[in-house]
Amino acid sequence: MTLVVVTTSPRVAPGLLSGRAWAVLGSGRVLTGSAGHPLLPYLAEEDIPVEVVTPDPVALARESLDATIIWLAAQDGDEPFMRAVGRAALDMPEPPVIELVPGSYDLPGARFVDMVTVMDRLRRECPWDARQTHESLVPYLLEEAYEVLETIEEGDHAALREELGDLLFQVVFHSRLAQERSGEDGGFDVDDVIQDLVDKLVRRHPHVFAGTVVEGAEEVNANWDAIKAAERAAKGRESLLDGVPMGQPALSLALGLQSRAERAGVPDSLSRAVGQGIGRELFDLVRRARAAGLDPEAELRAAARDYRDRVRAWERSAKPGEKA
């Protein structure tokens, strides 16, 4: 006969199963080794009895020789147990047929639920995580952002995966802290963060979500600036430079201010003779880099990396007495 294994995802509501899974669960004797399986109440509502048994791979394989047995796997997949069942079946002269029926699948992004769950537990049970604040986490947020930048600059795509995770953790951590405040005190949770982001992306991409026709990337940029201007006005911000983060590195800040002003039609003459001394020269260099289509921050970082590599090469080749 047959052993049918029904698996479910812990990231999908337990009552949401495929039609095939519901049909299988109602077609024969259902066993499980998971007394707390979240699907059990839903099966009970449908008058589908489930026997909770002590997992025994040899016994399960043998029972499947004489009848069709449905095994409702634990939400972690019961992989070690199922491997043991497979080995027990192969030891039989005529092994039963083992069929896998996925009851639910993870959707793209479903693993985010795991991150939120882990973060909640860390906040409650880890002494270090429990004492953190938005302010205490600022250095880590900056550090993780720069580590992401470094992996991109180095072309290390394998490391980029890990560093993006570390940066995402900071977003989830700050959201978890905000969740502890009341709504009147500016509280929110990670779902609010994601919803605001989704709403913003949809609003700023009418050519994708609202049928607006555009001819190319330049028109997309123009629409983007107009939409952002309307958003600033709705928030009571009067200056076109409102929203440019003043805490970013100086070269990037100068570039952001100049670029925003230029797109709004501010005369280029205003960017000349700004500041004094070295500050004036650096600001003018940013203006010149923009005119050449270059990112001054990226250019200086590239020069710094080149210098780093030269120093390392010198360290490898120089005689011990020549080093400082």
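Residues numbered from 1 in each chain as written. Predicted model: local features only at pLDDT ≥ 70, side-chain atom pairs only at ≥ 80, totals over all residues. Heavy atoms only, no water.

Student: Just to check I follow, could you spell out the overall build of the chain for this structure?
Tutor: Broken down by element type, the chain carries 14 helices and five strands. Whereas a compact globule of 324 residues would reach a radius of gyration of roughly 20 Å, the chain reaches 30 Å, over 25% beyond that. Over its C-alpha atoms, taken along the principal directions, the chain stretches across nearly 90 × 65 × 45 Å. When the 324 residues of the chain are sorted by exposure, 27% land in the buried category. Sequence separation of 24 or more characterises 62% of the internal contacts of the chain that already satisfy a separation of 6 or more. A total of about 20,600 Å² of accessible surface is found on the chain, and carbon and sulfur atoms cover 57% of it. Put simply, the chain has 36 plus and 55 minus side-chain charges, and the middle of one group is 7 Å from the middle of the other. (Helix = DSSP H or I, 4+ residues; strand = E, 2+ residues; numbered from the N terminus. Rg over C-alpha atoms; globule rule 2.2 N^0.38 Å. Buried < 20%, exposed > 50% of the residue type's maximum accessible area, 1.4 Å probe, protein only. Contact = heavy atoms within 4.5 Å. Areas by Shrake-Rupley, 256 points an atom, 1.4 Å probe, with all protein chains shown as cover. Lys, Arg positive; Asp, Glu negative; His and termini not counted. Charge placed at Lys NZ, Arg CZ, Asp CG, Glu CD.)

Student: Please explain a negative patch on the surface as it appears in this structure.
Tutor: Together, D191, D192, D196 and D199 give the surface a local cluster of negative charge. Classification of D196 by relative accessible area gives exposed; the value is 53%. (Patch = residues over 30% accessible without salt bridge, like charges linked within 9 Å, V, L, I, M, F, W, Y side chains within 5 Å. Salt bridge = Lys/Arg side-chain N within 4 Å of Asp/Glu carboxyl O.)

Student: How should the side chain of S34 be read in this particular structure?
Tutor: Turning to its location among the elements, S34 is positioned in the loop between β2 (29-32) and α2 (40-45). When sequence neighbours within four positions are dropped, the list of residues in contact with S34 reads L40, V52 and A74.

Student: What should I look at first to understand the environment of L100 in this one?
Tutor: As for its position among the elements, L100 is in strand β5 (residues 97-102). The spacing of L100 and Q132 is 32 residues in sequence and 45 Å in space, taken between C-alpha atoms.

Student: Quick question: what am I supposed to make of the packing of aromatic side chains here?
Tutor: Geometry of an aromatic ring pair is reported as the spacing of the ring centres plus the angle between the planes. Enumeration according to the criterion identifies three aromatic pairs in this entry. On the basis of an interplanar angle of 40° and a centroid distance of 4.9 Å, the ring pair of W71 and F81 is categorised as tilted. Here W71, found in strand β4 (residues 69-72), pairs with F81, found in helix α4 (residues 79-90); they are 10 residues apart in sequence, far enough to count as distant. The burial state of W71 is the same as that of F81; both residues are buried. (Phe/Tyr/Trp six-rings, centres within 6.5 Å; stacked < 30°, edge-to-face > 60°.)

Student: Any chance you could explain the packing of helix α3 (residues 57-66) against α4 here in plain terms?
Tutor: How two helices pack is summed up by the angle between their axes together with the distance between the axes. One way to put it is that α3 packs onto α4 with a least axis distance of 8 Å and a crossing angle of 55°. As far as their axial angle goes, α4 and α3 are oblique. Two packed elements cross with a definite hand, and for α3 against α4 that hand is right-handed. On α4, the residues touching P57, V58, L60 and A61 of α3 are F81, A84, V85, A88 and A89. (Axes fitted to C-alpha atoms, helices over the stretch in contact; angles between N-to-C directions. Parallel < 35°, antiparallel > 145°, perpendicular 65-115°, else oblique. Left-handed = near helix turned anticlockwise from the far one by under 90°.)

Student: So what exactly am I meant to see when it comes to the nonpolar core here?
Tutor: In globular proteins that are soluble, nonpolar side chains generally tend to be buried together. One finds V6, L25, I70 and L72 to be the most contacted residues of the largest nonpolar core, which totals 14 residues. For this core, the secondary-structure elements that each account for two or more residues are β1 (2-7), α1 (19-25), α2 and β4. The dominant element in this core, judged by the number of residues it contributes, is α1, at three residues. Sequence-distant contacts of I70, that is, excluding residues within four places in its chain, are made with V4, V6, V24, L25, S27, G28, R29, V30 and L31. Grouped together as the second largest cluster of nonpolar side chains are 10 residues, L3, L31, L60 and F81 included. (Core = buried A, V, L, I, M, F, W, Y, C linked by side-chain atoms within 4.5 Å.)

Student: Quick question: what am I supposed to make of the side chain of R176 here?
Tutor: Its location among the elements puts R176 in helix α8 (residues 157-179). R176 sits in the buried class, given a relative accessible area of 11%. Apart from residues lying up to four places away in sequence, R176 is in contact with M119, D120, R123 and R124.

Student: Sorry if this is basic, but what is going on with the sheet that holds strand β3 (residues 50-52) here?
Tutor: Strand pairs in the sheet, formed through backbone hydrogen bonds, run parallel or antiparallel to each other. In spatial order, the strands read β3-β2-β4-β1-β5; together these five strands make up an open sheet with parallel pairing. The strands lining the two open edges of the sheet, one partner per strand, are β3 and β5. For this sheet, the mean angle separating the axes of adjacent strands, direction not counted, is 25°. Running at roughly 145° to β4, α3 makes contact with β1, β2 and β4 of the sheet. (Pairing = 2+ DSSP bridges.)

Student: What exactly am I supposed to notice about the pattern of salt bridges here?
Tutor: Any two side chains of opposite charge can pair, on the condition that their charged atoms come close. Summed over all chains, the structure comprises 24 salt bridges. The closest approach of N and O atoms between R305 and E153, which form a salt bridge, is 3.1 Å. Of this pair, R305 sits in helix α14 (residues 296-317) while E153 sits in helix α7 (residues 134-154), and the two are 152 residues apart along the sequence. Judged by its relative accessible area of 23%, R305 falls in the partly exposed class. With relative accessibility at 25%, the residue E153 sits in the partly exposed group. Between D225 and R263 there is a salt bridge; the shortest N-O distance is 2.9 Å. Highlighted residues: D225 in helix α11 (residues 217-234) and R263 in helix α12 (residues 250-263), separated in sequence by 38 residues. Residue classification places R263 among the partly exposed residues on the basis of a relative accessible area of 46%. Through salt bridges that share partners, D120, R121, R123, R124, E125, R176 and E180 make up one connected network.

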